[in-house]
Amino acid sequence: MASVNDIRSAFLSYFAKNGHEIVASSPLVPRNDPTLMFANSGMVQFKDYFTGRSIPPQPRATTAQKCVRAGGKHNDLDNVGYTARHHTFFEMLGNFSFGDYFKEQAIEHAWTLVTREFGLSKDRLLVTVYVDDHDAHALWKKIAGLPDDRIIRIATSDNFWQMGDTGPCGPCSEIFYDHGPDIWGGPPGSPEQDGDRFIEIWNLVFMQYEQRGPGDRVALPKPSIDTGMGIERVAAVLQGVHDNYDIDLFQTLIRASVELTKVSAEGERRASHRVIADHLRASSFLVADGVLPSNEGRGYVVRRIMRRAMRHAHLLGASEPLLHRLVPVLVREMGQAYPELVRAEALITETLRLEEIRFRRTLARGLGLLEEASSDLSAGGMLSGETAFRLYDTYGFPLDLTQDALRARGIGVDLSGFDDAMQRQKAEARAAWAGSGEAATEAVWFGLRDRLGATEFLGYETESAEGSV
Ligand code: ATP
Ligand code: MG
Ligand code: MG
Ligand code: MG
């Protein structure tokens, strides 16, 4: 059986054999790119090669890129643990042409890799193209010999890839694998496409434009190629399982979490083990790249991810900090491909341990309050924004953690009430500060916070967000 580690090597060596230079993953925190919170795809480190702002050392590259999608344009945080195919942290395999080959060769390589190297059956594969991309449609027909009903034209943004609000972009073509009629879901473009039967494994982006701002799109100097294949999804296919969490790597992590908690991963706590395994990876890789939990910006994202996992550890009955004890298992599985994980092992362990100790001081009481406040709510109901804010402000519950906690019962949170409570608290803090005669400093400080607060990167960033710790 091809392990995740085997698949990574097979992909990289296929493209190396075909003239691509193997380039290491860039860190999760993009260098020199204030528009992006975390690397969310393989092309991020190559952005300037596509736009022509810098010259690539070689015209073709291939990578296994660390990605995090937990905020911004591509945010999968709320899917994790509940779909078979989304992670907060995942690895994206890719091949890139910087003004070298274009659509035809990209499609040829992709088709050869999936059908010959990986041996997937053609009958299980289907592809999408952007609605007016007749070239791509004709090429799929010619190269793969797919019938018309398995080359699906899509008019939505699903087939027009964008890194973020600005940056390189272009029409794309996605390759889907059909896991068979036992699983609910329909082909892309159908009303049932959100099911998990047809899973997108690979996206080929035909980079042709640069989005410079709203309504300002210019052609790239040379058409280029950027592709991304989710390693966990393709591993599921190659390992004959449907669900990403059933692949070797996740099974090892989940087994370790089961051993430590003595709670089965099959029953009602299945999602908890999954969330823990997923969030352990995201947290560990983020810490290894220098993102430590804090109350703002990237640090608040990692704190949210950690605390969500820690609530699930609590649900599994853990009476002591749990997450840090899983770090050695993760390092064993992924440390060879990502030596930064090995180097940072002690830091990751200690960061997780301290964060869990800290959060556990308020976690149980916060959950008690949540239970009390939501006890008379039923599915479709709303927790008051006031309560969600108190959980956030006094008990260190990130808003999305509260939402996640209520999700199983179909209860939502009154978000505008939450914002109101937040605003009220800010205003009170301002008033108190103005009274202290430090108006000048205060104006500067709040001006700064309001400006930063307007970007997508900041979570809610009040000083007392950690609660009474
Ligand atoms: P989906 O439609 O399933 O959310 P996507 O179209 O947003 O995926 P792309 O931006 O095209 O994904 O990324 C390229 C590839 O990376 C996808 O084809 C998929 O294999 C993988 N991928 C994307 N998001 C995730 C995720 N959250 N977890 C795991 N793999 C992912
Ligand atoms: Mg997506
Ligand atoms: Mg998609
Ligand atoms: Mg896609």
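Residues numbered from 1 in each chain as written. Chains lettered and ligands numbered in written order. Predicted model: local features only at pLDDT ≥ 70, side-chain atom pairs only at ≥ 80, totals over all residues. Heavy atoms only, no water.

**Side note on the nonpolar core**
Filter applied, for reference: Nonpolar cores are built from buried Ala, Val, Leu, Ile, Met, Phe, Trp, Tyr and Cys residues. Side-chain atoms within 4.5 Å join them into one set. Exposure is judged per residue with a 1.4 Å probe applied to protein chains only, and the accessible area is read against the type maximum: over 50% gives exposed, under 20% gives buried, and values in between give partly exposed. A contact between two residues is defined here by any heavy atoms of the two lying within 4.5 Å.
In this structure, Trp-140 and Trp-202 are the most contacted members of the largest nonpolar core, which totals 109 residues. In this structure Trp-140 touches Ile-107, Trp-111, Val-127, Val-129, Gly-145, Leu-146, Ile-151, Ser-173, Ile-175 and Leu-204, once residues within four positions along its chain are discounted. Within the second largest apolar cluster, 15 residues are counted, among which are Val-44, Phe-50, Phe-98 and Trp-161.

**Topic: the packing of aromatic side chains**
Stated precisely, the cut-off is as follows: To pair, rings of Phe, Tyr and Trp, with the six-membered ring standing in for Trp, must have centres within 6.5 Å; the planes then decide the type, stacked if under 30 degrees apart, edge-to-face if over 60, and tilted in the middle. Charges are assigned to positions over rings by a cutoff of 6 Å between ring centre and Lys NZ or Arg CZ, combined with an angular limit of 35 degrees from the ring normal.
Evaluation of the coordinates by the stated rule reveals 21 aromatic pairs. Consider the rings of Tyr-245 and Phe-250, whose centres lie 4.8 Å apart with planes at 55°: the pair is tilted. A residue is classified by how much of its surface remains accessible, and Phe-250, at 0% relative accessible area, is buried. Chaining the aromatic ring pairs together yields one cluster made of Phe-46, Tyr-49, Phe-50, Phe-96 and Phe-98. The residue whose ring lies beneath Arg-217 is Tyr-209, and the NZ or CZ to ring-centre distance is 5.9 Å.

**So, the confidence of the model for the chain**
For the record, the criterion: Each residue carries a pLDDT score, the predictor's own confidence in it, on a scale running from 0 to 100.
Summing up the model confidence of the chain, the mean pLDDT is 91 and the portion of residues at 70 or higher is 92%. Per-residue pLDDT stays below 50 along residues 437-469; that stretch engages in 68 contacts with residues further than four places along the chain or on separate chains. Among the scores for the predicted complex, ipTM is 0.99 and pTM is 0.89.

**Some remarks on the side chain of Asp-76**
The condition is simple: Secondary structure elements follow DSSP: runs of H or I of four or more residues count as helices, runs of E of two or more count as strands, with numbering from the N terminus. In this tally Asp and Glu are treated as negative and Lys and Arg as positive; neither His nor the chain ends contributes. Only one rule defines a salt bridge in this text: a Lys or Arg side-chain nitrogen within 4 Å of an Asp or Glu carboxyl oxygen.
Relative to the assigned elements, Asp-76 resides in the loop between strand S2 (60-68) and strand S3 (89-97). Buried charge without a salt bridge: Asp-76, with Arg-69 as the nearest opposite-charge side chain at an N-O distance of 4.5 Å. Apart from residues no more than four positions distant in its own chain, Asp-76 is found in contact with Arg-69, His-86 and His-87.

**Some points on the pattern of salt bridges**
Evaluated as defined, the whole model comprises 23 salt bridges. Residue Arg-60 pairs with Asp-100 through a salt bridge whose shortest N-O separation is 2.4 Å. One end of the pair, Arg-60, is in strand S2; the other, Asp-100, is in the loop between S3 and helix H3 (103-117), and 40 residues separate them in sequence. With its nearest N and O atoms 3.4 Å apart, the salt bridge here joins Arg-212 to Glu-210. Owing to a relative accessible area of 47%, Arg-212 belongs among the partly exposed residues under this scheme. Here the salt bridges do not stand alone but share partners, grouping Asp-78, Arg-304, Arg-308, Arg-311, Asp-400 and Asp-404 into one network.

**Topic: the environment of Val-263**
Following the sequence through the fold, Val-263 ends up in the loop between helix H6 (248-261) and helix H7 (270-288). Since its relative accessible area comes to 21%, Val-263 is described here as partly exposed. Distance from Val-263 to His-273, taken between C-alpha atoms, is 9.0 Å for residues ten residues apart in sequence. The contacts of Val-263, once residues within four sequence positions are left out, are Val-258, Arg-269, His-273 and Leu-316.

**Some thoughts on H6**
The condition that has to hold: In this analysis, the expected span of each helix is defined as 1.5 Å times one less than the number of residues it contains.
With 14 residues, H6 extends 20 Å from end C-alpha to end C-alpha; this agrees with the ideal 20 Å at 1.5 Å per step. Within H6, the full set of buried residues consists of Asp-248, Leu-249, Phe-250, Thr-252, Leu-253, Ile-254, Ala-256, Ser-257 and Thr-261. On its buried side, H6 packs onto helix H1 (4-17), helix H5 (231-238), H7 and helix H9 (327-334). A positive phi of about 60° marks Lys-262, the residue just after H6.

**Details of the side chain of Ser-283**
The condition is simple: Any pair of nitrogen or oxygen atoms within 3.5 Å is treated as a polar contact; in protein, a donor-acceptor pairing is required on top of that, and neighbouring residues in sequence qualify only through side-chain atoms on both sides.
Within the secondary structure, Ser-283 is located in helix H7. Only 2.6 Å separates the side chain of Ser-283 from the backbone oxygen of His-279, close enough to count as a polar contact. Excluding residues within four positions of it along the chain, Ser-283 makes contact with Val-302, Ile-305, Met-306 and Leu-352.

**Things to note about the site of ligand 1**
What counts, and what does not: Note on terminology: near, applied to a residue and a molecule or strand, indicates that one of the residue's heavy atoms is within 4 Å of it. Residue polarity is assigned by list, with Asp, Glu, Lys and Arg as charged and Ala, Val, Leu, Ile, Met, Phe, Trp, Tyr, Cys and Pro as nonpolar; anything else, Gly included, falls into the polar class.
Around ligand 1 sit 16 residues, and of these Arg-69, Asp-76, Trp-161, Glu-200 and Asn-203 come closest. Take Glu-174: an N or O atom from its side chain is 3.3 Å from an oxygen atom of ligand 1. At a separation of 3.0 Å, an oxygen atom of ligand 1 approaches a polar backbone atom of Gly-230. Those elements that provide at least two residues to the shell around ligand 1 are S3, strand S8 (198-213) and strand S9 (216-230). Sorting elements by how many residues they give to the shell around ligand 1 places S8 first, with four residues. When grouped by side-chain class, the residues that make up the shell around ligand 1 number five nonpolar, five polar and six charged.

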